[in-house]
Amino acid sequence: MKIHDISQEVFGSKTYPGDPMPEKQEVLRKKHGDKCNLTSFSMCCHNATHVDAPYHFIDGGKTVGEIPLEKFMGRCAVIDMEQRTLEEIENCLRNGIRKILLKGEFELTVETAERIAEAGIDLIGVENCTVGNEKTGPYIHEILLEKETVILEGILLRQIEEGEYFLCAQPVNLGQVDGAPCRAVLVEDISY
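The sections below set out a description of the structure shown in this document. Small disclaimer: the values here were computed from a predicted structure and weren't measured.

So, how was this worked out
- Residues numbered from 1 in each chain as written.
- Predicted model: local features only at pLDDT ≥ 70, side-chain atom pairs only at ≥ 80, totals over all residues.
- Heavy atoms only, no water.
- Helix = DSSP H or I, 4+ residues; strand = E, 2+ residues; numbered from the N terminus.
- Rg over C-alpha atoms; globule rule 2.2 N^0.38 Å.
- Buried < 20%, exposed > 50% of the residue type's maximum accessible area, 1.4 Å probe, protein only.
- Contact = heavy atoms within 4.5 Å.
- Areas by Shrake-Rupley, 256 points an atom, 1.4 Å probe, with all protein chains shown as cover.
- Lys, Arg positive; Asp, Glu negative; His and termini not counted.
- Charge placed at Lys NZ, Arg CZ, Asp CG, Glu CD.
- Polar contact = N/O pair within 3.5 Å; in protein donor to acceptor, adjacent residues only side chain to side chain.
- Phe/Tyr/Trp six-rings, centres within 6.5 Å; stacked < 30°, edge-to-face > 60°.
- Axes fitted to C-alpha atoms, helices over the stretch in contact; angles between N-to-C directions.
- Parallel < 35°, antiparallel > 145°, perpendicular 65-115°, else oblique.
- Nonpolar A, V, L, I, M, F, W, Y, C, P; charged D, E, K, R; others polar.
- Salt bridge = Lys/Arg side-chain N within 4 Å of Asp/Glu carboxyl O.
- 1 Å grid on protein atoms, 1.4 Å probe; cavity = no way out; pocket = protein on both sides within 12 Å on 5 of 7 lines; lining within 4 Å.
- Points joined across faces, edges and corners; volume = space filled by probe spheres on them.

**Section: the overall build of the chain**
Here comes step 1: Along its length, the chain carries three helices and eleven strands.
Here comes step 2: Element order for the chain, N to C, with α for helix and β for strand: β-β-β-β-β-α-β-α-β-α-β-β-β-β.
Here comes step 3: In terms of overall dimensions, the chain is globule-like: its C-alpha atoms have a radius of gyration of 17 Å, near the 16 Å expected for 192 residues.
Here comes step 4: Projected onto the principal axes, the alpha-carbon positions of the chain cover approximately 60 × 40 × 30 Å.
Here comes step 5: For the chain, with 192 residues in total, the buried portion stands at 47%.
Here comes step 6: For the chain, the proportion of contacts with a sequence separation of at least 24, taken over those separated by at least 6, is 67%.
Here comes step 7: Surface summary for the chain: the accessible area is close to 10300 Å², and the carbon and sulfur share equals 48%.
Here comes step 8: The centroid of the 20 positive side-chain charges in the chain is displaced by 6 Å from the centroid of its 33 negative side-chain charges.

Written as structure tokens, this is what we have:
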């Protein structure tokens, strides 16, 4: 079994323009005579590698704490969208794959988001801080989240080859919020 960490380190991560930067504070340090090392931090729920819950764009939508954990883990496909087309996503669906990670500098279009949402995909992941762009992003979020397709943003796939993996990307249980950071990993050589 081989495990690939596809998560960004939080404090060195890219942030969406206008989102607060993650910050940490040394509360206690052994070198200063304290009994232990203790750090506090603050961050936006959408910093680094994170998931978007339906509530992020839909009033009354499910929050992070309400989404079944099965949505965040299971068989998935990594597709290099700089070399592939939307038909590759449809091939995954025919093969029963409901979690898809899109590799490369690729922005979903409204049309693609509509097809993904209608297909009943559990989770769609992208390397960018957000799906779409500044103009289309809100519409794409609404389309996907309305159908409860979880969005995993800020993943790192540069070193990952196309293919099938087992995804584990459970969000931190922040309860009734719109998104949460997660430690996303891909496992290969695992039997389903």
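Let's pick the thread back up.
**Some remarks on the side chain of His-141**
Here comes step 1: Tracing the backbone shows His-141 in helix H3 (residues 137–146).
Here comes step 2: One polar contact links the side chain of His-141 to the main-chain carbonyl oxygen of Gly-137, over a distance of 2.8 Å.

**Focus on the packing of aromatic side chains**
Here comes step 1: Taken as a whole, this structure holds one aromatic pair when the rule is applied.
Here comes step 2: Look at Phe-11 and Phe-41: their rings are 6.5 Å apart centre to centre, the planes differ by 85 degrees, and that puts the pair in the edge-to-face class. Here Phe-11 is found in the loop between strand E1 (2–5) and strand E2 (23–28), whereas its partner Phe-41 is found in strand E3 (residues 38–42), with 30 residues between them in sequence.

**A short note on unusual backbone geometry**
Here comes step 1: Non-glycine residue Ala-48 carries a positive phi angle of around 55 degrees.
Here comes step 2: Within the secondary structure layout, Ala-48 lies in the loop between E3 and strand E4 (50–52).
Here comes step 3: The phi angle at Glu-148 is positive, at roughly 60 degrees, despite the residue not being glycine.
Here comes step 4: Residue placement: Glu-148 occurs in the loop between H3 and strand E8 (150–153).

**Considering the packing of helix H2 (residues 110–119) against H3**
Packed helices, taken two at a time, are described by the angle their axes make and the gap between the axes.
Here comes step 1: Packing of H2 against H3 leaves a shortest axis separation of 8 Å and a crossing angle of 10 degrees. Taken together, the axes of H2 and H3 are roughly parallel relative to one another. Here Val-110, Ala-113, Glu-114, Ile-116 and Ala-117 of H2 come into contact with H3, specifically with Tyr-139, Ile-140, Ile-143 and Leu-144.
Here comes step 2: Counted by class, the contact of H2 with H3 contains eight nonpolar, no polar and one charged residues.

**Quick word on the pattern of salt bridges**
Here comes step 1: The full count for this structure, using the stated rule, is seven salt bridges.
Here comes step 2: Glu-26 is the partner of Arg-29 in a salt bridge, and the nearest nitrogen-oxygen pair spans 3.6 Å.
Here comes step 3: Under the relative-accessibility criterion, Arg-29 is labelled buried at 15%.
Here comes step 4: A salt bridge links Lys-99 to Asp-122; its shortest N-O distance comes to 3.0 Å. Of this pair, Lys-99 sits in strand E6 (residues 99–103) while Asp-122 is found in the loop between H2 and strand E7 (123–126), placing the two residues 23 residues apart along the sequence.

**Examining empty space enclosed by the protein**
Here comes step 1: Overall, the coordinates contain one cavity of 30 Å³ or more when judged by the stated rule.
Here comes step 2: Every residue along the wall of the largest cavity is listed here: Gln-8, Lys-14, Thr-15, Tyr-16, His-46, Ala-48, His-50 and Cys-129.
Here comes step 3: Class assignment of the residues belonging to the lining of the largest cavity gives a composition of three nonpolar, four polar and one charged.

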